[in-house]
Amino acid sequence: MKKGLRNWRLFSLFGMMALLLAGCGKPFLSTLQPAGEVADMQYSLMLLSTSIMVLVIVVVAIIFVYVVIRFRRRKGEENKIPKQVEGSHKLEIIWTVIPIILLLILAVPTVLTTFKLADVKAMNDKDRDKKGTVVVNVRANLYWWEFEYPDYGIITSQDLVVPTNEKVYFNLIASDVKHSFWIPAVGGKMDTNTDNKNQFWLVFDQKATDKAGGVFYGKCAELCGPSHALMDFKVRPLPRDQFDAWVKKMQNAKKPVVTDPVAKQGEAIFNKSCIGCHAVTPLDKRPEQARTAPNLANFGDRQRIAGILEHNEENLKKWLRDPESVKPGNKMTGTYGKLSEEQIDALAKYLMSLKVE
Ligand code: CUA
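A quick note: this is a predicted structure, and the numbers were derived from the prediction, not measured.

Chemist: What is the right way to look at the pairing of strand 1 (residues 134-141) in this model?
Modeler: Where a strand is regular, its side chains alternate between the two sheet faces. Burial runs high along strand 1: 8 of the 8 residues are buried. Alternating residues of strand 1 divide into Val134, Val136, Val138 and Ala140 and Val135, Asn137, Arg139 and Asn141, and every residue in both groups is buried. Of the pairings in the sheet, the one linking strand 1 to strand 5 (residues 167-174) comprises 7 bridges and is parallel in character. Along strand 5, the bridge assignment pairs Ala140 with Ala174. With 5 bridges connecting them, strand 1 and strand 2 (residues 144-149) associate as antiparallel partners. Counterpart to Asn137 in the pairing with strand 2 is Glu148. Counting the residues between successive antiparallel strands, the hairpin from strand 1 to strand 2 contains 2 residues.

Chemist: What exactly am I supposed to notice about the domain arrangement of the chain here?
Modeler: How big an interface is tends to be stated in terms of the accessible area lost upon association of its parts. According to the domain assignment, the chain contains domain 1 (27-63 + 88-239) and domain 2 (261-352). Relative to domain 2, the C-alpha centre of domain 1 lies at a distance of 31 Å. Across the contact, 23 residues belong to domain 1 and 22 residues belong to domain 2. It is Trp144, Ile155 and Leu230 that lose the most area in domain 1 upon contact with domain 2, and together they represent 26% of the buried surface on that side. Here domain 1 and domain 2 share 2 salt bridges between them. Here Arg291 and Glu148 are joined by a salt bridge, their closest N and O atoms 3.7 Å apart. In this structure, the connection of domain 1 to domain 2 is made through 10 residue pairs in polar contact (both at pLDDT 80 or more). Mapped onto the side of domain 1 that touches domain 2, the elements with two or more residues apiece are strand 2, strand 3 (154-157) and strand 10 (233-238). In the side of domain 1 that touches domain 2, the residues fall into 11 nonpolar, 4 polar and 8 charged.

So, how was this worked out
Residues numbered from 1 in each chain as written. Predicted model: local features only at pLDDT ≥ 70, side-chain atom pairs only at ≥ 80, totals over all residues. Heavy atoms only, no water. Buried < 20%, exposed > 50% of the residue type's maximum accessible area, 1.4 Å probe, protein only. Helix = DSSP H or I, 4+ residues; strand = E, 2+ residues; numbered from the N terminus. Pairing = 2+ DSSP bridges. Domains from an automatic or database assignment. Contact = heavy atoms within 4.5 Å. Buried area = accessible area lost by both parts, 1.4 Å probe. Salt bridge = Lys/Arg side-chain N within 4 Å of Asp/Glu carboxyl O. Polar contact = N/O pair within 3.5 Å; in protein donor to acceptor, adjacent residues only side chain to side chain. Nonpolar A, V, L, I, M, F, W, Y, C, P; charged D, E, K, R; others polar.

What follows is the structure, encoded as structure tokens:
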């Protein structure tokens, strides 16, 4: 009775854990809800390898149970030795050939998919601009992301905007240490290195985007420091015409005109210290080495503060007051002296007013 109770407890614990893990599958973040061609291919490979593994486990378990029952010692047959099969040619061949076949079933689609995913000819084509191929240069930094659209001259940070239902190509680099670019629901991951450029492509499905609420989450997938787990970015896929409109808006964005008196005060503080690292227009002509902090041109339109906090003025003030408590090890800590509450209010007002859309 007691044992039965213990088993039941164990069973309910596992049941609860399964239920809990089932809750992890959010459409904006889950590899198990693929949102594009690449994610689909990677998901199919995952299913294929998982089913082969499950098949092997089930077959081995059945044989194991059968052998344990069939050949156990019985009363009155204590000294009976079953027929010995060591060195049997037939059996040796069977258990060599079956794994080879299984490995082939796994290897052929995996290698084919790998080559398909590595096909980046279109992005290195000289006429790619005329063909409308969208290329994004991704630069990973401790702990923020920069997205440069070389054919449009635009630079954004933290929020990646892409057209849906077409191939979008990526050049991946890092400016300090190794990071890894990953949009779990859409595909990846691929390392961003300091000494070479990696290239790959992704497709963002429109229907899946709608289902995810218009935004996917991106992650850094390479342990890079104390705030590695907080190195998030957002992806906003748009239908092609809306994407083109966004590009136009970004290209035509002027230096923001501030009218609110508090925000004006904030602008003055910003121009005295923050401007050394941050830019406020999307057409950022500075060389890469000078772009040491995120471009804030569309800060007011962003999805998150510092990539992780909900986008509101209160959280922005929290971040300005003490960045270290939000993102340990970030590069902003210590670059400016202690700000008064009044200065923080003014800066927050100004930053929230930086909008392109
Ligand atoms: Cu960057 Cu982990």
